[in-house]
Amino acid sequence: MNGISPDSLQDLLASSCTAELLFSTTGRLLFSTDASVYQIVPMGVAAPHNEQDTVRVLRLCAEQGISVHPRGGGTGLAGESLGPGLILDLHRFNHSILDFDPQARRIRCQPGATLGSLNALAKPYGLKIGPDPSSGARATAGGTFGTNATGAHSLAHGYIGEAVTALRFLTAHGEMVQLDEDGGIHAPESFRNETLPALTKLARDHATTIREAYPKQHRNRSGYDLRGLAKGDAHGLIRLLAGSEGTLGIVTELTFSLVSIPKQSGIVLFGFEQVEQAGAAVPEILSLAPYSLELIGERVARMGMAHLPAVRRLLGDRPLTLLLGEWTGDSPEELNEHLQQATTLLDPDRLTLLRHAVNADDMANLWLVRKEAEALLMNEIPDKRAISFVEDICVPSDKLAELIRVKERLFTKHGLSWATYGHAGPGELHTKSYVDLSDASELSRLVDLAGELYETVWDMGGSMSGEHGDGLSRGSFLSGQYPTLTPLFEQVKRLFDPQGILNPGKKTDVPTGAHPILTHSRYLGKADGRTARKLLHYEAGEFWREASACHGCGACRVEQTGPQMCPVFKVTKDERSSPRAKGNLARLWAQGLLSPDGILDADVFTVADACIGCQACVRECPSHVNIPKLMVEFKAWRVKVGKAPLADRLLTQADGIAALASHSAPVSGMLQRMRALRNVGERISGLSAEAAMPSFERSDLAKIIKHWPTNHGTIQVLYFTDTATAKANHRLGLATTAVLNRHGVQVLPYTHRGSQMPAITTGHLDQARKAILRISRELLALSDHAPIVCTEPTAALALQKEWLNVLDTPEVRSIAARTLEAGQWLARQAEAGTLDRDVSPLKLSLAHHLPCHLASLCDDSPYLPILETIPGVSIRRIREGCCGMAGSYGMKAKHRALSEAIGHPLLTAYAEDDADGLTECSTCALRLQEGNPNRRVWHPMEVLARAYGWNQP
C-alpha cells in the first residue's frame, strides 16, 4: 500500500465517483469490526450507489495501490471483511432485487440484498434459496457467496455457490465479467485471452494434485476450489469465486436457483447425557435420511432455557446435549411415518429425552436455540467470551465421536473451556472457546491448540473450515491443510489480482509472525476506568459489560417486518443506524479508542441520534444489550457541552407547553391549525410543521376524576396519566377510571407532570433528575403503598426502568416496584380470578398495533386476551412494526421523512380493511389517525369501558 493519506484518498474518491464516503475517525472505527473478534481500522469506507460507482472506486484504488475489502452485512466470523485499506460497503445502496421468476425458479439481485429479503419474496410461491446459514436473515447475497455459506439443510441443498447459476463480477482493475447460466463467459479481451486460458492450463497441468488434495467430504470451505477450472466455462469460475472471500473479484449481481419449501416438516429431539453419545448416534440417524440433523450442546441448551421460556417448556427441567433431527413429507401421513421411524430408531436406554414436534411455534423455538447458539453463549461466563476461532471443523460424520474426544483432550491440555453445537449430519461441529480476550497468554494457548487440533482433523480426512471460511482466523494454517495446493492458490490469486489489492492476506500472502488474534483482538484493551465520568447511573462494571456485550452478530440488522429491531436501520440500511454500531461506539469509548474529544464528533451524534429509544433491540438482541441506555449517555454528553438541538430542548418542556396549550384551549387548537404559523414555528424550533399534534382540553382531569360519582372503592390505585392523557385525552382518563371503579378501586389521579421521557431520551439528565425528585415526592404524598398504573406504555417504562437509570434512590426504587402498565394490572386480576367478566356485546372491528414500549414491558399486549372475550369484538393484529413516531422523534423536522418511511409498512397494513385502530400508545394513535383521519383509534381501556357500559363518546 502506498503512502497516500486517508484525507487524500477521500478527496480523490469524491472527485471520481458518487459513492457515499465515510472517513471520520468514528466512521472508520465502526467498520473496523464485524461478527468476529478482530479489529482493523481501515483508511475509510466507500458505499457505492451502483455498479459504475464500484468500477470507479476499484480503478482509483488500483491506480493508488490501495487495498479494497468488500463488505456485505459484516456477519462473518473469521474477519473476512476487515482490512487496513478501503472498506467497500456493498449493502447500503446495492440491495435491489432485480428480477424474480417463480415459474423458472430464479431470482436475480444485487450483492447487498439479504437472503432474508430474497426468501421473503419467494416464500408466497412455496420457494426458497436452498442453503440457509443461521445468519441468513441479515447476511447479504454477496457475502454468503463470498464465504460460500451453507446451513442446517446442507444435507439436501449444499452450499450457496451451488445455488448460484449466473454472476457478474468486477476484476481488480474494474473490468466487468459476466458468467451465464449456460456456461458462457462475457469478458474483456485480456481476461478471455490471458486469464482464462492460464486458469484452464493450470487446472489441467495439475489435475492429479487437484483431484487428490481436497478432503474426501462435501463440507470444506478452506482455500480456493480449483476442481471446476479445467473445462474453462462459467460454471468452473462460479465454483472458484464461491468462497473466495472477495480476493479474486467484486460481485455486482447474482442469480440464484430456488427450491421448493417442504410441504410438511417435523422435528424429533434426541437428548443425551454426554455430547460424545450424541456424536456416536449420528451415523445411525443419518440412515433415515433426515432433511437436517443438528447438534445443540448442553451449554447452548442451558442458555436457551434461561432466555427462552418456551424452550424451557419443551426441554424439561435440565439441559442435555440434543440432536435435532428434521424430516419432511409431501403429506402428514408421509411425515408421520418418518417421525415414527425416527422415534423408534435408538434404544431407549441410550436416551434421556425423546420428543417430537410438528407444531410450528414449537419448531420455531427449537430452531431459534440452534440458530442463535453463538449469541446465547455470549451471555455466559462474564469474564470470558465464547469466541469463534477453532469453531468450524468438519470431519466425516462417522468420526464425530472421535473428534469430540480429541477436542476434550486438547482443551483440557491447554487449560481452556469450550462449548459446541452445529451441523452434526454433515460432520461439522462449531466449537466456541472460552477465553479472556485481554489475556495474551490465553490467546497464545488457543493458537497452539488450533495447530494441534487441525493436524488431527486433517489426519481424519477433515477440514479446518466446513462453513465459515479462512479469513484472519485460518489463513495462516492454510498451507498445512493444502501443502501441494498452496502454490496453485498463489498463482490463481496473481492471475486475478496481480497487484494484490483485493482483500489481501485472507487466502494467500498471509502475513508471517504472530497470529492476528494476538495483535488484532477487539478486546485487547479493557475499560480505562472512566466510571466516574458517566452521566447515568450504573451498577459496578455495568457500562463495560453492556458496551462489550455486543459481539457483532448483526441480528439487529434484520430487514424483514417480523422482528422490530431496528426500525431506523431497516429504512436507512446504514451501519451507523444499527444497534451494532451503537454498541461498538460505547465499547470504543470505554476502551479509550474514541478519545474524550472524539465523543463530540459529528458522526458520534449521527449514531446516537439514530437510536429512537424503542427498546426493540434490548428485547430482541440475543445478548440483550441495553443500547438505548448507552445512547442516552452519549446524548447526555452532547447536552453537557451545550450542543443539544433547539428542538430537543423544546421537547423537554413538554409538560409546560402542554399545560399552556391546555390552559389556552380552544385558542391553542386554532393556532395549531394555522399552516403559516406552523411553518414559521418549524424554521425557528426545528419541530415539523407536518407532524400531527393532539387537540388539547381545557378542563382539569384530576378534579374530574376525584369528583367522579363512581370513584370510590375498598382499595386505591394511583393513576399516573402522563402528559398526553392529562392535557389532551380526557376520554382515556375517564375510561380508565370507569374500568378501575368497576373493580372496586378508588382512583388517585396524578396529572401534574409527565414521565420525563423526552428529557431522558434527549440526554437532558439534570432537568430529568430535578423533575423525577419532585414527582417522586408528589407520588409518595398521594400514597406510599398503592399500586401505580399507567395507560401510556412509555410512562410505565419510565417509572419501572428508565428513572432508575437517571436516579437510583429508595423513592425511585419504590415507585419502580409498584408501577404497572394498566394492561398488566388487568392481567393480574384475570390471573387472580377477580377480573369482572360481565360485559355487554359490542360491534367493533379493530386493527391492533403493538407499541414498542409495551412490547418491551410484556412482549405482547395484555389487553387483547381480555378484549377478545367481548362478544362482537374482532381484532386483527398488525405485525408490521414501529409507527415511526417514537414519542417525540417523529415530531422533529429533520426526522420527518425517516419517521414516515419507518411507519409506512404499518400504515399500509392498517389500510387493508375498514377496521378502527387499536393501540395503547398516544403517539402511535396520532400516526394511525394521521394515516386515516376517517377512522377512530381506540385505546383498549376505552373498549373495555364501553363493554362495561361506560358511554362517553
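Residues numbered from 1 in each chain as written. Predicted model: local features only at pLDDT ≥ 70, side-chain atom pairs only at ≥ 80, totals over all residues. Heavy atoms only, no water.

Peer 1: Lay out the packing of helix 37 (residues 765–782) against helix 38 (residues 793–806) with the relevant residues and their values.
Peer 2: The contact between helix 37 and helix 38 brings their axes to 10 Å, and the two run at 125°. Compared by their axis directions, helix 37 and helix 38 come out oblique. By crossing handedness, the relation of helix 37 to helix 38 is classed as left-handed. The residues of helix 38 that touch helix 37, namely those facing Leu-765, Ala-768, Arg-769, Ile-772, Ile-775, Ser-776 and Leu-779, are Leu-799, Trp-803 and Val-806. (Axes fitted to C-alpha atoms, helices over the stretch in contact; angles between N-to-C directions. Helix = DSSP H or I, 4+ residues; strand = E, 2+ residues; numbered from the N terminus. Parallel < 35°, antiparallel > 145°, perpendicular 65-115°, else oblique. Left-handed = near helix turned anticlockwise from the far one by under 90°. Contact = heavy atoms within 4.5 Å.)

Peer 1: Give me the side chain of Ser-521: which residues, what numbers.
Peer 2: Its place among the elements puts Ser-521 in the loop between helix 22 (516–519) and helix 23 (542–549). Residue classification places Ser-521 among the buried positions, given a relative accessible area of 7%. Setting aside residues no more than four positions away along its own chain, Ser-521 makes contact with Val-37, Leu-437 and Pro-516. (Buried < 20%, exposed > 50% of the residue type's maximum accessible area, 1.4 Å probe, protein only.)

Peer 1: Describe the sheet that holds strand 20 (residues 715–720), naming the residues involved and giving the relevant values.
Peer 2: Ordered in space as 21-20-22-23, the four strands form an open sheet in which the pairing is parallel. Looking at which strands have only one partner, the edges of the open sheet turn out to be strand 21 (745–750) and strand 23 (819–821). Each strand axis lies, on average, 35° off the axis of its neighbour in the sheet, ignoring direction. Across three bridges, strand 20 lies against strand 22 (residues 788–790) in parallel orientation. (Pairing = 2+ DSSP bridges.)

Peer 1: Let's hear about the nonpolar core: which residues, and what values?
Peer 2: Among the nonpolar cores identified, the biggest contains 102 residues, and Leu-226, Phe-256 and Leu-323 are the most heavily contacted of them. Element by element, the count of residues in this core is highest for helix 18 (residues 440–459), at nine residues. Counting residues in hydrophobic clusters, the runner-up holds 75 residues, among them Ile-599, Leu-630, Leu-765 and Leu-807. (Core = buried A, V, L, I, M, F, W, Y, C linked by side-chain atoms within 4.5 Å.)

Peer 1: Could you give an account of the environment of Val-395, with specific residues and numbers?
Peer 2: Here Val-395 is to be found in the loop between strand 17 (385–388) and helix 17 (400–413). Val-395 gets classed as buried once you look at its relative accessible area, which sits at 0%. Put simply, Val-395 and Gly-466 are 71 residues apart on the chain and 8.5 Å apart in space, counted from C-alpha to C-alpha. Apart from the residues within four sequence positions on either side, Val-395 is in contact with Gln-217, Leu-400, Leu-403, Pro-426, Gly-427, Val-457, Met-460 and Gly-462.

Peer 1: Give a description of the sheet that holds strand 4 (residues 86–89) that names residues and reports values.
Peer 2: By definition, the strands of a sheet pair up through backbone hydrogen bonds, in either a parallel or an antiparallel sense. Pairing in this open sheet of four strands is mixed, and the strands run 1-2-4-3 from one edge to the other. At either end of the open sheet lies a strand with only one pairing partner, and these are strand 1 (20–22) and strand 3 (68–71). Strand after strand, the sheet turns through a mean of 25° between neighbouring axes, direction not considered. Pairing of strand 3 with strand 4, which is carried by four bridges, proceeds in the parallel orientation. Of the residues in strand 4, the one forming a bridge with Arg-71 is Asp-89.

Peer 1: Please provide a residue-by-residue account of the pairing of strand 2 (residues 44–47), values included.
Peer 2: Of the two faces of strand 2, the one holding Gly-44 and Ala-46 and the one holding Val-45 and Ala-47 are both buried throughout. Pairing geometry for strand 2 and strand 4, over three bridges, is parallel. Directly across from Ala-46, in strand 4, lies its bridge partner Leu-88.

Peer 1: Tell me what's going on with the packing of aromatic side chains, and back it up with residues and numbers.
Peer 2: Enumeration over the complete set of coordinates arrives at 16 aromatic pairs. On the basis of an interplanar angle of 80° and a centroid distance of 6.0 Å, the ring pair of Trp-589 and Trp-637 is categorised as edge-to-face. Of the two residues, Trp-589 is situated in helix 25 (residues 579–590) and Trp-637 in helix 28 (residues 627–640); the sequence distance between them amounts to 48 residues. The exposure classification of Trp-589 matches that of Trp-637, with both residues buried. Ring centres 6.5 Å apart and planes at 80° place the aromatic pair Phe-720 and Trp-803 in the edge-to-face group. A residue pair is termed long-range when its members are at least 10 positions apart, and Phe-720 in strand 20 and Trp-803 in helix 38 qualify at 83 residues. With respect to class, Phe-720 is no different from Trp-803; both count as buried. Chaining the aromatic ring pairs together yields one cluster made of Tyr-538, Phe-543, Trp-589, Phe-634 and Trp-637. A cation sits over an aromatic face here: Lys-534 above Phe-543, 4.7 Å from the ring centre. (Phe/Tyr/Trp six-rings, centres within 6.5 Å; stacked < 30°, edge-to-face > 60°. Lys NZ or Arg CZ within 6 Å of the ring centre and 35° of its normal.)

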